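If you want the building blocks of each chain, they are given just below.
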Amino acid sequence: MAAANYLRSEDQFLCSICLDVFTDPVSIPCGHNFCKNCINEHWNTNDQYLCPMCKKVFNTRPELHVNTFISEMVVQFRQSAQQKTSSSSQKLCAKPGEVTCDVCTGTKLKALKSCLVCMASYCETHLEPHLTMSGLKRHQLIDPVEVNLEGRMCTKHDKPLELFCKTDQTCVCMLCHVLDHKMHDVVPLKEEYEGKKAELGKREAEVQQTIQKRQLKIQEIKHSVDLSEEDADREIAEGVQVFTALKESVERGQANLINSIKEKQKTTEKQAEAFIKELEQEISELTKRRTEIEQLSRSEDQLHLLQSVQSLKAAPSTKDWIEVSVRPSYVGTMRRAVAQLEETLSKEMKKLVAESELNRIQQYAVDVTLDPDTAHPQLILSDDGKQVNHGVRKNLPDNPERFDTYINVLAKQSFSSGRFYFEVQVKGKTEWDSGVARESINRKGKITLKPEDGYWALCLRNGKEYIAATSLSVFLSLKSRPQKVGVFVDYEEGVVSFYDVDAAALIYSFTGCCFTEKLFPYFCPGLNDGGKNSAPLTISPVRVN
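Keep in mind that this is a model prediction, so the values were computed, not measured. (Residues numbered from 1 in each chain as written. Predicted model: local features only at pLDDT ≥ 70, side-chain atom pairs only at ≥ 80, totals over all residues. Heavy atoms only, no water.)

Things to note about the packing of aromatic side chains
Tallying each qualifying case throughout the model produces 11 aromatic pairs. Centre to centre, the rings of Tyr 491 and Phe 515 are 5.4 Å apart; their planes meet at 45°, and the pair counts as tilted. Here Phe 515 lies in the loop between strand E21 (505–510) and strand E22 (519–524) and Tyr 491 lies in the loop between strand E19 (484–490) and strand E20 (495–500), a separation of 24 residues in the sequence. Accessibility expressed as a relative area gives 10% for Phe 515, which makes it buried. Measuring from ring centre to ring centre gives 6.2 Å for Phe 498 and Phe 510, while their planes differ by 70°; the resulting arrangement is edge-to-face. Separated by 12 residues along the polypeptide, Phe 498 in strand E20 and Phe 510 in strand E21 bring together distant segments of the chain. When sorted by exposure, Phe 498 lands in the same class as Phe 510, which is buried. Among the aromatic side chains, those forming a connected cluster through ring pairs are Trp 456, Tyr 491 and Phe 515. (Phe/Tyr/Trp six-rings, centres within 6.5 Å; stacked < 30°, edge-to-face > 60°. Helix = DSSP H or I, 4+ residues; strand = E, 2+ residues; numbered from the N terminus. Buried < 20%, exposed > 50% of the residue type's maximum accessible area, 1.4 Å probe, protein only.)

This is the structure we're talking about:
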């Protein structure tokens, strides 16, 4: 109630010309009150002496006298208003960034509205005349704006820009519409505002969606970096392991070379010792003979010398030492050792790299089970869906997914991106197929195993013939018969590879494949062949080293 009384009393002391509290208030004959300077300036700039409020015209310029009663009331009002303003100015004071009142002197209060006619912004106190006085009520008020109030008025007609011309894509006033845009598509400013606002909202949503996509991409990249770091750490660990093994092989080769040379030297020393001992024995016997000869040669007894010479004819047995040598040749020792080391390292490297590669591939192991709905009626599947072999035909529904001629079966699982790996136990079998097949393969009647028809498979025939099922059937020469076969697929790279798991050796790879459909693991255990091929084809759990 106090605020209402305050506003009503303020209305009584506002000059309708300057819209501020009276300064030297004067009354004119019609009874209306104005600031003395305001009414004088008004009459000075007009040809007639009329009242700005009631439009009453005076023939002669009225004599103006200050209304002492109103002056006293204005003084009291100013004092009261100042006290109330000071108490509420803390709350009403404009904060940084807010539009301020253009009328306030001293402390600027927060503007509530801006007037497009007066080109000014008003606080709660100074806005009151626009809400109560009939002449000011017709002014157009908008939410407070800090700048460019003039830009909201038509420069040509000095009218508010209330309409929007869609034809020229510009804001216009009412007179513009009538005079210059009569035949154009003109709508109220609010209508175009709502349309543009909705459009901006849509664009904002699109931008926000794009931002979210970029944020997801950032997360994806960060995740890729984390995965790359893990891959790098794993690669470093495997590299250290490989090079450590190679270093140990080199060290063993070096130790073997040194030991070989030392053993050869020891043999030479023993042989030399034996030769020296034998030579010393001969020298001892020869020295003894030389002494005998020397003593005999000094004898003066002719008969004794001649008789003794006969006994000296049998010389002691000696060896021909001319060809005997104890210095061994080391020429070629280093070359042979290096050649042996090179061969050993080559085998070791191939083995280590193959094991490392298989270990990495095994990281993509997936759980695969056989799909009974695709199995040929003569196939027997285990309850857990991990084994299959050839048996007696069963009466099963001939659904579209089932093979009806060839004893094939697919897995339940399918893959349309990324990498996956599974292993198949083939021990004890003389015939089998395994690999992957696309979803649209022909499952009825005659089937050809080749990539053009949707199969990428490895086959065993006659217990010894390993075949990559390409268009020309590539026969493979393997050092050993695989007991367990690993199948690896990189969907995006278009690669299907087969591995001998126990030997950690690559058997064959299909490369340059173009996958556009789902891929299913594919199996064929082969005919029983009178019990020769009775062992089941088994999907084995992958054990990563």
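Observations regarding the nonpolar core
In this structure, Phe 422, Trp 432, Trp 456, Val 496, Phe 498, Phe 515 and Phe 523 are the most contacted members of the largest nonpolar core, which totals 48 residues. If near-sequence neighbours (up to four positions away) are discounted, Phe 515 is found in contact with Trp 456, Val 489, Asp 490, Tyr 491, Gly 494, Val 495 and Val 496. If you look at the next biggest cluster of nonpolar residues, it comprises 18 residues, including Phe 22, Ile 39, Cys 51 and Val 74. (Core = buried A, V, L, I, M, F, W, Y, C linked by side-chain atoms within 4.5 Å. Contact = heavy atoms within 4.5 Å.)

Thoughts on a nonpolar patch on the surface
A cluster of nonpolar residues, Leu 175, Val 178 and Leu 179, forms a patch on the protein surface that exposes about 270 Å² of accessible area. Relative to the assigned elements, Leu 179 resides in helix H6 (residues 174–179). (Patch = residues over 30% accessible without salt bridge, like charges linked within 9 Å, V, L, I, M, F, W, Y side chains within 5 Å. Areas by Shrake-Rupley, 256 points an atom, 1.4 Å probe, with all protein chains shown as cover. Salt bridge = Lys/Arg side-chain N within 4 Å of Asp/Glu carboxyl O.)

Describing the sheet that holds strand E8 (residues 163–165)
Judged by pairing direction, the sheet is antiparallel, and its three strands sit side by side in the order E9-E8-E10 without closing on themselves. In this open sheet, the two strands that pair with only one neighbour each are strand E9 (170–172) and strand E10 (186–188). Adjacent strand axes in the sheet meet at a mean angle of 35°, parallel and antiparallel pairs treated alike. Relative to E10, E8 runs antiparallel, the two sharing three bridges. Following the sheet pairing, Cys 165 is matched in E10 by Val 186. Its contacts with the sheet place helix H7 (residues 189–297) against E8, E9 and E10, and it is angled at close to 85° to E10. (Pairing = 2+ DSSP bridges. Axes fitted to C-alpha atoms, helices over the stretch in contact; angles between N-to-C directions.)

As for the pattern of salt bridges
Enumeration according to the criterion identifies 17 salt bridges in this entry. Of the charged contacts in the structure, one is a salt bridge between Lys 166 and Glu 192, with a shortest N-O distance of 4.0 Å. A residue pair is termed long-range when its members are at least 10 positions apart, and Lys 166 in the loop between E8 and E9 and Glu 192 in helix H7 qualify at 26 residues. Using a relative accessible area of 34% as the deciding quantity, one classes Lys 166 as partly exposed. We classify Glu 192 as buried; its relative accessible area is 10%. A salt bridge links Glu 199 to Lys 196; the nearest nitrogen and oxygen atoms lie 4.0 Å apart. With Glu 199 and Lys 196 both in helix H7 and three residues apart, the pair spans about one turn of that helix. Classification of Glu 199 as partly exposed rests on a relative accessible area of 39%.

Regarding the side chain of Asp 371
For Asp 371, the location among the structural elements is in the loop between helix H9 (333–362) and strand E11 (379–381). For the buried Asp 371, which has no salt bridge, the nearest side chain bearing the opposite charge is Lys 412, at an N-O separation of 5.8 Å. Beyond its immediate sequence surroundings of up to four residues, Asp 371 is in contact with Leu 381, Val 409, Leu 410, Ala 411 and Lys 412. (Lys, Arg positive; Asp, Glu negative; His and termini not counted.)

A short note on the pairing of strand E15 (residues 432–438)
Counting buried positions along E15 yields six of seven residues, so the element is predominantly enclosed. For E15 and strand E16 (residues 455–461), the ladder comprises six bridges, and the chain directions are antiparallel. Note on E16: the bridge partner recorded for Asp 433 is Cys 459. When E15 meets E22, the two strands line up antiparallel, connected through six bridges. Residue pairing in the sheet places Ser 434 in a bridge with Phe 523 of E22.

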